[in-house]
Amino acid sequence: MSFTVHGLAVSQGIAIGHAHLVSHALLEVAHFTVAPKHVEAEVTRLRSAVAKVKTELAGLKAASGSAPSEVDAFLGMHIMFLEDPMLVDAAEALILTRRANAEWALVQQMELLVEQFEAIEDAYLRERKADVVQVVERVVKVLLGHPGHLPPKRKDGLGTIVVAHDLSPTDTIGFKDHAVAGFITDVGGPTGHTAIVARSLSIPAVVALRHIRHVVKDDELIIIDGIRGVVIVDPDERVLEEYRLRKAAVELERSKLKRLKSTRAATLDGEEVQILANIELPPDAIQAKGVEADGVGLFRTEFLFMSRDSWPDEDEQFEAYKSVVKTMAGKPVTVRTLDVGADKELEGATRAEDNPALGLRAIRYCLAEPKMFLTQLRALLRASHFGRMKILIPMLASSNEIDQTLVLLEKAKAQLRERKIKFDESVPVGGMIEVPAAALCLGAFTKRLQFLSIGTNDLIQYTLAIDRGNEAVAHLYNPLHPAVLRLIHQTIQAGAKAGVDVSVCGEMAGDPDCARLLIGMGLRQFSMHPAQILEVKQAILRADAADLTPKVQRLLKLDDPDRVREAVEKL
Ligand code: PEP
Ligand code: MG
């Protein structure tokens, strides 16, 4: 039966495909049959995941030195469960005999063990079933962290629609190598990292659909309308035909935009505008070059550190940064230092915090881990020798953080000089304006830094006190709130006065509906996902800066968010 669900459109476009349910909820792992030739590989996948968890647990055990002895005992017990033939060996047998996928086989065996524990009279031993569940959960997480089990392309030519409760940035990055037609999730907001990665892949996505994972069946036909935020499950032939036509129209519009690739971005009255690209991993630079971006305005380096057991060392980071600098061939490449924390978790690094968005994240984390930070700074400096690099520091709130960062940068430079390694001695250092405290004390920033970049995603989150990943408050997340607009405007104006370049690299810069507003505020540098560049360029080419400036000045005096929205629509 056909039905429609409404959510938040976070990545434009229309997708038609078959549902593939991805679940991180343990007892709901998908069950599918593995092709005979892949059965051995499935067993290996299970074995490697078990080995990985065993190593992790052994590492935790070794590090648990002063922890209570129960912790040590539980870790030992978890390792023991992984060595129990009733669990892993029996799951392997299920894979081989029933050609089952690894996570399903493991959960089946876990359920058998849980039943046996439940029958035990001794309360303490009975409770041990929770430990079996926990350890299996760890293994399933590892298995699902690598979406190598996406179904192959179907004969009808339609792609896969990933249906999930939520996708971590690492999951979404994992889908980069697969032919995914669209994403739909129960939770999420427009600037959560899942949405950001979906946009960077130009894959339609609708989030905050609440219970979509429970109402969609595996393989069911689905339409994602990433423009209106609508998901149509099991559409009838008439609706399907209408969407086929709309999809073709969207694709035609996209192909027309391609003609703007080599057009220089300037307003109708001749104001030159730079349009730069946001990237997450070095290969994304190829996409940035493909749309002739004026450079990279934001390289989110934390993605190099994710989905792995250990951090990349200096040489590995150097190669990654150098490859981007070389791909961009003389165009500026702005590399942001590690912005870890909140929803961007690193294996073994981030600790559980009650309020991670207000916790030890971004520059705070780096200053607390100077050894790791110095390694990144050295790698960045070394890469600066091969092109035009700029270093960007995230989430600064006060001048002493800038001073401490600059001291560490000098130290990294001294270390390289000692090793007789060349680097750009005057590599520009800039700061992100993401915290209202920074936007209100700009003098401290313009005096010490060479450029500024406004991270509107976090600036909105911190100004309006709205967790950007919390779907319960997603409707309150408002880029056009007058308080937010005034902070952006002040930053642009303070930069112009001090002769310090200011760009916007948050999601607002990539929204064509905000382009005229930002031009009217005086912004001349935009950084966004490569997939959004041509559409924003089109909006800029149609804008008249001289006409917009007084209109925006008036709009900035309004206090009512609804009136601001109306005024922006009229621009
Ligand atoms: C921002 O906060 O606007 C930003 C660009 O950084 P991120 O989205 O990576 O937090
Ligand atoms: Mg940010």
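Relevant structure appears above.
A. Structural detail: the site of ligand 1. Close to ligand 1 lie 17 residues, the nearest being Arg300, Arg336, Glu434, Asn457 and Arg468. Contact distances for ligand 1 include 2.8 Å between an oxygen atom and a side-chain N or O atom of arginine 468. Contact with the protein chains hides 100% of the accessible area of ligand 1, taken as 290 Å² for the molecule alone. The set of elements that each furnish at least two residues to the shell around ligand 1 consists of α8 (193-200), β10 (296-300) and α19 (456-464). Here the shell around ligand 1 takes 3 residues from α19, the largest share from any one element. Here the residues of the shell around ligand 1 are counted per class, giving 4 nonpolar, 5 polar and 8 charged.

B. Focus on a negative patch on the surface. Where like charges cluster on the molecular surface, the negative patch consists of Glu253, Asp513, Glu535, Asp560, Asp562, Glu566 and Glu569. With respect to the secondary-structure elements, glutamate 535 resides in helix α22 (residues 533-541). Exposure remark for glutamate 535: the relative accessible area of 37% places this residue in the partly exposed category.

C. Broad picture of the coordination of the magnesium ion (ligand 2). Within the protein, Glu434 (OE) and Asp458 (OD) serve as the donor atoms for the magnesium ion (ligand 2), at 2.0 Å. Taken together, the residues span a long stretch of sequence, with glutamate 434 in the loop between β13 (429-433) and α17 (436-440) and aspartate 458 in helix α19 at a distance of 24 residues. Aspartate 458 carries the same exposure label as glutamate 434, and that label is buried.

D. The arrangement of the sheet that holds strand β3 (residues 14-22) in detail. One open sheet accounts for 8 strands, arranged β1-β8-β7-β3-β4-β5-β6-β2; its pairing is mixed. Pairing within the sheet leaves two strands with one partner each, and these edge strands are β1 (3-6) and β2 (8-11). Across the sheet, the mean angle separating the axes of adjacent strands is 30° when strand polarity is ignored. Bridge count for β1 against strand β8 (residues 230-233) is 4 bridges, and the pairing is antiparallel. Residue pairing across strands places histidine 6 opposite valine 230, the latter belonging to β8. With respect to the sheet, helix α10 (residues 237-257) is in contact with β3, β7 (221-225) and β8, its orientation differing from that of β3 by roughly 110°.

E. A look at helix α23 (residues 545-555). By the burial criterion, the buried members of α23 are Ala545, Leu548, Val552 and Leu555. The buried residues of α23 all sit within an arc of 80° when viewed along its axis, so they share a single face. The exposed set on the far side of α23, more than 90 degrees from its buried face, consists of Ala546 and Arg554. For α23, the elements touching its buried residues are α20 (482-498), α21 (512-521) and α24 (561-570).

F. Just the pattern of salt bridges, in detail. For the coordinates displayed, the defined rule picks out 30 salt bridges. Across the pair glutamate 314 and arginine 382 runs a salt bridge, and its minimum N-O distance is 2.7 Å. Of this pair, glutamate 314 sits in helix α13 (residues 314-327) while arginine 382 sits in helix α15 (residues 370-384), and the two are 68 residues apart along the sequence. Take glutamate 314: its relative accessible area is 10%, and that puts it in the buried class.

G. Summary view of the side chain of aspartate 339. Within the secondary structure, aspartate 339 sits in the loop between β11 (332-336) and α14 (362-368). For aspartate 339, a relative accessible area of 1% translates into the label buried. Side-chain polar atoms of aspartate 339 contact the side chain of arginine 361, separated by 3.1 Å.

H. Main features of the packing of helix α4 (residues 102-118) against helix α6 (residues 129-144). One way to put it is that α4 packs onto α6 with a least axis distance of 9 Å and a crossing angle of 175°. Accordingly, the angle class assigned to the pair α4 and α6 is roughly antiparallel. Between α4, through Ala102, Glu103, Leu106, Val107, Met110, Leu113, Val114, Phe117 and Glu118, and α6, the contact on the second element is made entirely by Lys129, Val132, Val133, Val136, Val139, Val140, Leu143 and Leu144. Counted by class, the contact of α4 with α6 contains 14 nonpolar, no polar and 3 charged residues.

I. Region of interest: the pairing of strand β5 (residues 180-185). The buried count for β5 comes to 6 of 6 residues, which makes it a mostly enclosed element. Relative to strand β6 (residues 205-207), β5 runs parallel, the two sharing 2 bridges. For phenylalanine 183, the partnering residue across the bridge sits in β6 and is alanine 205.

Criteria and thresholds
- Residues numbered from 1 in each chain as written.
- Chains lettered and ligands numbered in written order.
- Predicted model: local features only at pLDDT ≥ 70, side-chain atom pairs only at ≥ 80, totals over all residues.
- Heavy atoms only, no water.
- Near = heavy atom within 4 Å.
- Polar contact = N/O pair within 3.5 Å; in protein donor to acceptor, adjacent residues only side chain to side chain.
- Areas by Shrake-Rupley, 256 points an atom, 1.4 Å probe, with all protein chains shown as cover.
- Helix = DSSP H or I, 4+ residues; strand = E, 2+ residues; numbered from the N terminus.
- Nonpolar A, V, L, I, M, F, W, Y, C, P; charged D, E, K, R; others polar.
- Patch = residues over 30% accessible without salt bridge, like charges linked within 9 Å, V, L, I, M, F, W, Y side chains within 5 Å.
- Salt bridge = Lys/Arg side-chain N within 4 Å of Asp/Glu carboxyl O.
- Lys, Arg positive; Asp, Glu negative; His and termini not counted.
- Charge placed at Lys NZ, Arg CZ, Asp CG, Glu CD.
- Buried < 20%, exposed > 50% of the residue type's maximum accessible area, 1.4 Å probe, protein only.
- Donors = N, O, S within 2.8 Å, 3.2 Å for Na, K, Ca; no water.
- Pairing = 2+ DSSP bridges.
- Axes fitted to C-alpha atoms, helices over the stretch in contact; angles between N-to-C directions.
- Contact = heavy atoms within 4.5 Å.
- Arc of directions from axis to C-beta.
- Parallel < 35°, antiparallel > 145°, perpendicular 65-115°, else oblique.

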